Amino acid sequence: MPDHNDKISQPILGDNMTFEMLEDLFHSLEINLNPSALHGFLCGRLSWNARDIETMVQKSAEFFAISDEKIDFADSTLRDFYNDTLVDLEDSEFLFQPLLPDDDMPINIRLGSLAHWCSNFVSGFADGVSGQINISEDGKQALSDLSFIGQVSNSADEKEENEREYSLVLEHVRLAVQVIFSDINMIDNDFLDNSFDE
């Protein structure tokens, strides 16, 4: 009798998970989910509780709505991805980037994925909240901005000005996430405060 796992491609391992690699993993696990949505949710959840990775791993089967058997098969890959995401969020050089399609993809696809990322960041953050939220005005504004960007339409066409606007919005998202993560996790970070106010 063939092993059930024969139907599932071995997850791709690597130092840095890309949008396309995570998309391939989802396909092999028969998960219908935008990779940016997962990364956004994960970043939001970890921003509130940076040590909540084990809970995220345990809840993966429920989150993906797939069997425990499939999740067990991908456990190592997902665990590495979750840990790498936390490392990126904690990076003191502020190199964090949302997981999005490559720049050679049409801008409407990238914009749609960015909106998915932002809306799921806010959802993940809210999902992790327990007790009273103690967050600065900058942090509140950053959350509000991400919520607004999460509702952006993906109808942009391939124009140079749209590419510039996309780059500006992406940079704003990147800094907003760092403000929120630093704020919640009590990281003293003058660079982020100054950059977000610009």
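Predicted model, so just to flag it, every value in this text is computed and none were measured.

The next subject is helix α6 (residues 75–90). Helix length check: α6 (16 residues) gives 23 Å between terminal C-alpha atoms against 22 Å at 1.5 Å per residue, within 8%. Taken together, the buried positions of α6 are Thr-77, Leu-78, Phe-81, Tyr-82, Thr-85, Leu-86 and Leu-89. On its buried face, α6 is in contact with α1 (19–28), α2 (35–48), α3 (53–58), α4 (60–64), α5 (68–73) and α9 (160–184).

Let us look at helix α8 (residues 137–149). Across its 13 residues, α8 extends 18 Å between first and last C-alpha, which sits within 8% of the 18 Å expected from 1.5 Å per residue. Within the sequence span of α8, burial applies to Gly-139, Ala-142, Leu-143, Asp-145, Leu-146 and Ile-149. Buried residues in α8, looked at end-on, bunch into an arc of 160 degrees, giving them a common side. Away from its buried face by more than 90 degrees, α8 exposes Glu-137 and Phe-148.

Moving on to the nonpolar core. Of all hydrophobic cores here, the largest spans 51 residues; its most connected members are Phe-64, Tyr-82 and Trp-117. Counting residues per element, the ones that place at least two in this core are α1, α2, α3, α4, α6, α7 (107–128), α8 and α9. Top element by residues in this core is α9. It accounts for 9 residues. Aside from chain neighbours lying at most four places away, what touches Trp-117 is Ser-36, His-39, Gly-40, Cys-43, Phe-96, Pro-98, Leu-99, Leu-100, Val-173 and Val-177.

Next up on the list: the pattern of salt bridges. One pass over the structure, following the stated rule, counts 5 salt bridges. Note that Glu-137 and Lys-140 form a salt bridge whose closest N and O atoms lie 3.5 Å from each other. Of the two residues, Glu-137 and Lys-140 both sit in helix α8, 3 residues apart, roughly one turn of that helix. The salt bridge partner of Arg-174 is Glu-171, with a shortest N-O separation of 2.9 Å. One end of the pair is Arg-174 and the other is Glu-171, both in helix α9 and 3 residues apart, which spans about a single turn. Residue classification places Arg-174 among the buried positions, given a relative accessible area of 9%.

The rules behind these values
Residues numbered from 1 in each chain as written. Predicted model: local features only at pLDDT ≥ 70, side-chain atom pairs only at ≥ 80, totals over all residues. Heavy atoms only, no water. Helix = DSSP H or I, 4+ residues; strand = E, 2+ residues; numbered from the N terminus. Expected span 1.5 Å × (residues − 1). Buried < 20%, exposed > 50% of the residue type's maximum accessible area, 1.4 Å probe, protein only. Contact = heavy atoms within 4.5 Å. Arc of directions from axis to C-beta. Core = buried A, V, L, I, M, F, W, Y, C linked by side-chain atoms within 4.5 Å. Salt bridge = Lys/Arg side-chain N within 4 Å of Asp/Glu carboxyl O.

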